[in-house]
Amino acid sequence: MEAFVRLFVALDATTKTQEKLAALVDWFSRSSASDAAWSLFFLSGRKLPQLVPAKRLRALASTLAEISPWLFEEAYAAVGDLAETVALLLPTDLVEPAEQSPPKAASGGLWSVDHGPLPPDSGLAAWVDAYLQPLRGADEATQFRLLKRAWSQLDPTGRFVWNKLLTGGFRVGVSQSLVTRAVAEASGLPVDLVAHRLMGEWRPTAEFYARLVSTEGDQVDAARPYPFALAQSLVPPGSGAPDTLFPSAIGQLPGRPEDYLAEWKWDGLRAQLVRRSGAPLLWSRGDELLTDRFPELDSAARKLPEGTVLDGELIAWRDGQVLPFTLLQKRIMRKTLSRSILAEVPCSFVAFDLLEHNGIDWRSRPLRERRAALEQLLTAPQAERNAASEQAPAQSSTIRIAEAFYGKSPSELTALRAESRERGVEGLMLKRLDAPYCAGREEAGWWKWKVDPYTVDAVLVAAQVGHGRRANLFTDYTFAIWEGETLVPFAKAYSGLTDAELKEIDALVRQSTVDKFGPVRSVTPQLVFELAFENLQRSSRHKSGIAVRFPRILRRRTDKSIRDADTLERVLALLPSLSSAAVPSRERGETISRQRTFAWAEPNPEAGDAR
Amino acid sequence: MLPMSMVRDDLLRLTPSGLFCELGGFFVDPWGPVAKAVITHAHADHARRGSAEYLTTHSGKPVLQTRMGPNATIQSIAFGEQITLGEVRVSLHPAGHILGSAQVRIEHRGEVWVVSGDYKVAPDHLVEPFELVPCNTFITESTFGLPIYRWRPQAELYAEINAWWRENQSQGKTSLIHGYSLGKAQRILAGLDRTIGPIYCHASVAVCNRDYAAGGVVLEGWRMLSEAPPRCDWSRAIIVTPPQAHGGDTPHRYGETSSGFCSGWMTTRGIRRRESIDRGFPLSDHADWPELTSTILATGAERVYVTHGSTATLVRWLTERGLDARPLRTQYGDEGTADDAVAVEPGAGAN
Ligand SMILES: [Zn+2]
Ligand SMILES: [Zn+2]
């Protein structure tokens, strides 16, 4: 554990990628396979299912620190992180509780609850086995004993790291790709191979790590997907650049229009369909196996030849139309898929790339070739199969090929993009036809050109202290727009301002506080901000009647008084008409944040958008 | 927050210019220009220019003179020396915060009020150690008034700073250590191991060093930045510099640098990361939570006014223990945690 804490300190002490990489390489070179496996698990943002309820953890920490619960909460508000708060509050000289029962012989190499304290210099895996895993499902007294025992052997930094493993969310500013590079460097394997072996589901065991760094063959588990290619934004995120910049943004892409293929940017769930031997598998970008969630794909997937891997997007699709993302989301949230939901929200896989063909890895071939083969695979034979089969051809396959546009001029692309909202897509994707399929954002040669966000001028009406880097500052804002003479709260936004702006607004919030409700302060309405939204939808569940998606703050409108802020009427007028037949009326406007609710959402928050 | 009540026998009351002792005809740390100002210490949020006469301690006088300007009229007295001002007796007692920093004790017919100013209880072996002054009413700061603030021993932090300096040296990086020019910088200087390499001080730190020397605390083994040799190997050096000098404007001539920041605020990761520094050292000149709470109780005061920091938290904590505790709105800092964040900002006052 001590060594892992030192790794954390080293990673935390620097912002330089090279130094982080060096620390990681050193760690992976020295660690045992089981320690390496567990560190990989935590460093890649994975977490164990909840071990100790946060409430219980707070209670225990308050008791040990001899402070009242309200004081714990004040401390938490100032720190902004539960693991850190607990570490800062625990008494330094926490005495290891007296032995409850004599040590028993270890069985199967596992430390049981009743064993004596594990020395702090034992490995991460031993600590996880001794103090973390046994917490699950244990009674309160046992949990207290285990926690106290672990804490009593660690210094404050060690306690913080431990609490992070305990509560989940262990992030130290290292990306998945950096960790992958470090493992590759420490083991002398190519990065691509390590990345590929890390895809899909795995358990943090010594065996897994041994396989990961094995130099034998390059065979990869038949179930594994490939690392996903990512796209860069044509417009820097958060820039809120006006419309007129976009054509020049395309103009700045290297090469000529003929070098590119354009596709719709689907508003769905990115996935790979792996059809090797055995049953087809569907993987999300967050390494979640989705196969069972999309039974309607199974038969179509089985018709694909063995040794096929497709990259594409899962979308809700009915009657020749894409359905709003919220419906797909709703379906995914369901524990069981009823017949009615399958009928209401049928899904399709829109394939846009071919990564493996006839059992051969095609990723190094140019997109032009991959796309041609994909068309061959999905169009021609599909038609033949459909024609040959007895089934009604009206029921088209649930695996469809993404529409592609070749050699469009910037003006044609601009016109296409303008159709996005109407078509229920997020904009256009532009992909270089000569590029291989590369994991990562820079190398792939993919660009996303999203539809312009909705923008609204809104009034700041409440604020809350942020977390992490924003702890201690009022940085989480609630915004309102006018409905008649009333300001109706309609959106919360956290991102988009610089640190300097945050500090300035923080001071203004403090000066204009009207009331406090727990951590929230309501303020005198006086500041107007321009907000941008990926999407706005009508919603009966929200006071304002509007559900917002991915809000961000574009800028403060010092030139506007609160009277100049937008009205609800105007905002509603922005929204597309509700005539879209595809949307069942009672489902309209149900919006839940994608990032918060999707269990397989990208563990790395910086990654943001899925493509 | 309610202003301090204005009961007749109050020895101090809050006026637009600050804390006023009517019976004595003087202010304590006023924020407006007044006739007579008793100053706890020379930090910008406690000592402001423009008053006709200042009173401080002997060792605190040189620093105060520098900050108030050569024409300011400053009288000084010894720690513990009792003087009579109007109808009250006034004495100054060590606050342990910076050199010459004082608590102001005001006595009238057996009633004793003490204004703590900023204070630190653990001795740092550099400035006059804190003295506990029993009183009826205690006006206390609360900068670090949360139980998450518990300072580690100074020796441990010094060892950490020196280890970091060595480590930077071995990686060919220049060490830039940030701390408030008055008080913190001198504590840093006192802890640096001269055998590691040369120590340079920013001009504003050097000025305070000289004032410290004039006040009786001589720090040796450092040079002004401007006195560095023409082809200085910066990678061996450490530069003691105020927070203002941190940020995007690190001169390139130092080559690759690593920045450290000494402040109690460095306790929490969020603030460390926000300030984009490489290392934070929670070396503070203020009382931590155990010191604040135990000192307040130990003064025996039945009434406590809390200012300057986590006011509400400390008031509630004291109230729970049966004390008559009230917030006091001064301009030494606003209520709420974020002023604290502001305090690490350039020039915002003591840290
Ligand atoms: Zn001060
Ligand atoms: Zn102060």
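All values derive from a computational prediction rather than experimental measurement. Throughout this document, residue positions are counted from 1 along each chain, in the order its sequence is written. Labels are handed out in written order, letters beginning with A for the chains and numbers beginning with 1 for the ligands. Predicted model: local features are reported for residues with pLDDT of at least 70 only, side-chain atom pairs are reported and counted for 80 or more only, and whole-chain, interface and lining totals are derived from all residues. Heavy atoms from the whole structure form the basis of all side-chain values; hydrogens and water molecules are not counted.

1. As for the coordination of the zinc ion (ligand 2)
Residue and element names in this part refer to chain B.
Moving on, step 1. Atoms are scored as donors when they are N, O or S and lie within 2.8 Å of the metal, with 3.2 Å used for Na, K and Ca; no water is included, so coordination may look incomplete. The protein atoms that coordinate the zinc ion (ligand 2) are D45 (OD), H46 (NE2), D118 (OD) and H308 (NE2), at distances spanning 2.1 to 2.7 Å.
Moving on, step 2. For the zinc ion (ligand 2), all donor residues lie on one chain, and their spacing in sequence is D-H-x71-D-x189-H.
Moving on, step 3. On the basis of relative accessibility, which here comes to 1%, the residue H46 falls in the buried class. Each residue is placed in one exposure class: buried if its accessible area under a 1.4 Å probe, protein chains only, is under 20% of its type's maximum, exposed if it is over 50%, and partly exposed if it falls in between.

2. Quick look at the domain arrangement of chain B
A common way to report how large an interface is uses the accessible area buried once the components associate.
Residues and elements named next belong to chain B.
Moving on, step 1. Structurally, chain B comprises domain 1 (4-148 + 285-327) and domain 2 (154-281).
Moving on, step 2. An automatic or database domain assignment is the source of the domain bounds shown. Computed over C-alpha atoms, the centres of domain 1 and domain 2 are 30 Å apart.
Moving on, step 3. With 19 residues of domain 1 at the interface, the matching set in domain 2 holds 20 residues.
Moving on, step 4. Where domain 1 abuts domain 2, roughly 1600 Å² becomes buried across the two surfaces, and 67% of that area is made up of carbon and sulfur atoms.
Moving on, step 5. In short, buried area is how much 1.4 Å probe accessible area vanishes from two parts on joining, totalled over both. Of all residues in domain 1, the largest losses of buried area upon contact with domain 2 belong to L99, L126 and D285, amounting jointly to 33% of the total for that side.
Moving on, step 6. Salt bridges are identified by distance alone: a Lys or Arg side-chain nitrogen within 4 Å of an Asp or Glu carboxyl oxygen. For the pair domain 1 and domain 2, the number of links is two salt bridges.
Moving on, step 7. The residue D124 makes a salt bridge to R187 at a minimum N-O spacing of 3.7 Å.
Moving on, step 8. In protein, a polar contact means a hydrogen-donor-capable atom and an acceptor-capable atom, both N or O and within 3.5 Å, with residues adjacent in sequence counting only if both atoms are side-chain atoms; elsewhere, any N or O pair within 3.5 Å suffices. Inspection of the region where domain 1 meets domain 2 yields six residue pairs in polar contact (both at pLDDT 80 or more).
Moving on, step 9. By residue class, the composition of the side of domain 1 that touches domain 2 is 10 nonpolar, five polar and four charged. It only takes one pair of heavy atoms within 4.5 Å for two residues to be counted as in contact. In this classification, the charged set is Asp, Glu, Lys and Arg, the nonpolar set is Ala, Val, Leu, Ile, Met, Phe, Trp, Tyr, Cys and Pro, and all remaining amino acids, among them Gly, are polar.

3. Focus: the sheet that holds strand β12 (residues 446-450) of chain A
Residue and element names in this part refer to chain A.
Moving on, step 1. Strand pairing is defined by DSSP finding a minimum of two bridges between the two strands. For helices the rule is a DSSP run of H or I covering at least 4 residues; for strands it is a run of E covering at least 2, with both sets numbered from the N terminus onward. Ordered by their spatial adjacency, five strands build an open sheet running β1-β12-β11-β2-β10, and the pairing between neighbours is mixed. Looking at strand neighbours, the two that pair on one side only are β1 (232-233) and β10 (405-406), the edges of this open sheet.
Moving on, step 2. Strand direction decides the pairing type here: strand β2 (residues 260-265) and strand β11 (residues 427-432), joined by six bridges, are antiparallel. In the sheet register, E263 faces β11, and the bridge partner there is M429.
Moving on, step 3. Helix axes are fitted to C-alpha atoms over the stretch in contact, other axes to C-alpha atoms as well, and angles between N-to-C directions run from 0 to 180 degrees. On top of the sheet, helix α17 (residues 367-378) reaches β2, β10 and β11; it is set at about 55° to β2, its chief contact.

4. As for the interface of chain B and chain A
Moving on, step 1. Listed per partner, the contact involves 29 residues of chain B and 35 residues of chain A.
Moving on, step 2. Both faces considered, chain B and chain A share a buried interface measuring about 2700 Å² in area, 49% of it formed by carbon and sulfur atoms.
Moving on, step 3. When the shortest N-O distance is used, the salt bridge between E19(A) and K173(B) registers 2.9 Å.
Moving on, step 4. In this structure, the connection of chain B to chain A is made through seven residue pairs in polar contact (both at pLDDT 80 or more).
Moving on, step 5. Elements represented by at least two residues in the side of chain B that touches chain A include exactly α5 (269-274), α7 (311-320) and α8 (338-343) of chain B.

5. So, the confidence of the model for chain B
Residues and elements named next belong to chain B.
Moving on, step 1. Known as pLDDT, the predictor's per-residue confidence is scaled from 0 to 100. Per-residue confidence for chain B averages 88 on the pLDDT scale, and 90% of its residues sit at or above 70.
Moving on, step 2. Ignoring residues within four places in sequence, the model shows residues 1-8, a span with pLDDT below 50, making 18 contacts including any to other chains.
Moving on, step 3. Scored below 50 in pLDDT, residues 334-351 makes 57 contacts in the model with residues more than four places away or belonging to other chains.
Moving on, step 4. The ipTM assigned to the predicted complex is 0.89, against a pTM of 0.71.

6. Describing the pattern of salt bridges
Moving on, step 1. Throughout the structure, instances matching the rule amount to 43 salt bridges over all chains.
Moving on, step 2. D353(A) serves as the salt-bridge partner of R370(A), at 2.7 Å between the closest nitrogen and oxygen. Taken together, the residues R370(A) in helix α17 and D353(A) in strand β7 (residues 347-357) connect sequence positions 17 residues apart.
Moving on, step 3. Overall, the relative accessible area of 0% leaves R370(A) in the buried class.
Moving on, step 4. The partner of R303(B) in a salt bridge is D10(B), with the nearest N and O atoms 3.5 Å apart. Within this pair, whereas R303(B) is found in strand β18 (residues 303-309), its partner D10(B) is found in the segment before β1 (13-15), the two being separated by 293 residues in sequence. Each member of the pair, R303(B) together with D10(B), is buried.

7. Looking at the coordination of the zinc ion (ligand 1)
All names here are of chain B.
Moving on, step 1. Protein-derived coordination of the zinc ion (ligand 1) comes from H41 (NE2), H43 (ND1), H97 (NE2) and D118 (OD), at a distance range of 2.1 to 2.2 Å.
Moving on, step 2. Classification of the site at the zinc ion (ligand 1) as irregular follows from its four donor atoms and the range of 89 to 167° in their angles at the metal.
Moving on, step 3. Sequence spacing of the donors to the zinc ion (ligand 1): H-x1-H-x53-H-x20-D.
Moving on, step 4. Here the zinc ion (ligand 1) and the zinc ion (ligand 2) are spaced 3.6 Å apart, with D118 acting as a shared donor. Here D118 lies in the loop between β10 (111-115) and β11 (137-142) and H97 lies in the loop between β8 (88-94) and β9 (102-108), a separation of 21 residues in the sequence. Grouping residues by exposure puts H97 and D118 together as buried. Sites are called tetrahedral only when four donors show all angles between 85 and 135 degrees, square planar or octahedral only when four or six donors show opposite pairs over 155 degrees and all other angles between 65 and 115, and irregular in any remaining case.

8. As for the environment of D278(B)
Moving on, step 1. Looking at the secondary structure, you find D278(B) in the loop between α5 and β17 (279-281).
Moving on, step 2. The buried category is assigned to D278(B), whose relative accessible area is 18%.
Moving on, step 3. Put simply, D278(B) and S258(B) are 20 residues apart on the chain and 6.1 Å apart in space, counted from C-alpha to C-alpha.
Moving on, step 4. Ignoring anything within four residues of it in the chain, the contact list for D278(B) reads A13(A), T15(A), T257(B), S258(B) and S259(B).
Moving on, step 5. For D278(B), the side chain forms a polar contact with the main-chain nitrogen of S259(B), separated by 2.9 Å.

9. Side note on helix α3 (residues 184-191) of chain B
Residue and element names in this part refer to chain B.
Moving on, step 1. Here α3 lies mainly inside the structure; seven of its eight residues are buried.
Moving on, step 2. K184, A185, Q186, R187, I188, L189 and G191 are the residues of α3 that are buried.
Moving on, step 3. Taken together, the buried residues of α3 touch α2 (154-170), β12 (174-178), β13 (199-201), α4 (203-214), β15 (238-241) and β16 (257-262).

10. Looking at the side chain of T478(A)
Moving on, step 1. Position of T478(A) relative to the elements: it lies in strand β14 (residues 474-483).
Moving on, step 2. Looking at T478(A), the relative accessible area reads 14%, which means it is buried.

11. Looking at the pairing of β12(B)
Strand residues, when the strand is regular, have side chains that alternate between the two faces of the sheet.
All names here are of chain B.
Moving on, step 1. The buried count for β12 comes to five of five residues, which makes it a mostly enclosed element.
Moving on, step 2. Side chains T174, L176 and H178 project from β12 onto one buried face, and the interleaved S175 and I177 project onto a second face that is buried too.
Moving on, step 3. Two strands pair when backbone bridges link them, and β12 and β16 are joined in this way by five bridges, in the parallel orientation. Opposite I177, over in β16, you have G260 as the bridge partner.
Moving on, step 4. As judged from the four bridges shared by β12 and β15, these two strands associate in the parallel manner. Along β15, the bridge assignment pairs S175 with I238.

12. Topic: the packing of aromatic side chains
Moving on, step 1. Only Phe, Tyr and Trp rings take part, Trp by its six-membered ring, and two of them pair if their centres are within 6.5 Å. Stacked means planes under 30 degrees apart, edge-to-face means over 60, and tilted covers everything else. For the structure shown, the criterion picks out 33 aromatic pairs over all chains.
Moving on, step 2. Their ring planes at 45° and their centres at 4.3 Å tell us that F144(B) and W265(B) sit as a pair that is tilted. Of this pair, F144(B) sits in the loop between β11 and α2 while W265(B) sits in the loop between β16 and α5, placing them 121 residues apart in sequence. Residue F144(B) shares its accessibility class with W265(B), and that shared class is buried.
Moving on, step 3. An aromatic cluster of three or more residues is present, and its members are W38(A), F41(A), F42(A), W202(A) and F208(A).
Moving on, step 4. For a Lys NZ or an Arg CZ to count as sitting over a ring, it must be within 6 Å of the ring centre and within 35 degrees of the ring normal. Here R417(A) stacks its cationic end above the ring of W449(A), 4.5 Å away from the centre of that ring.
Moving on, step 5. Its guanidinium or amino end placed over the ring of W317(B), R321(B) lies 3.8 Å from that ring's centre, counting from NZ or CZ.

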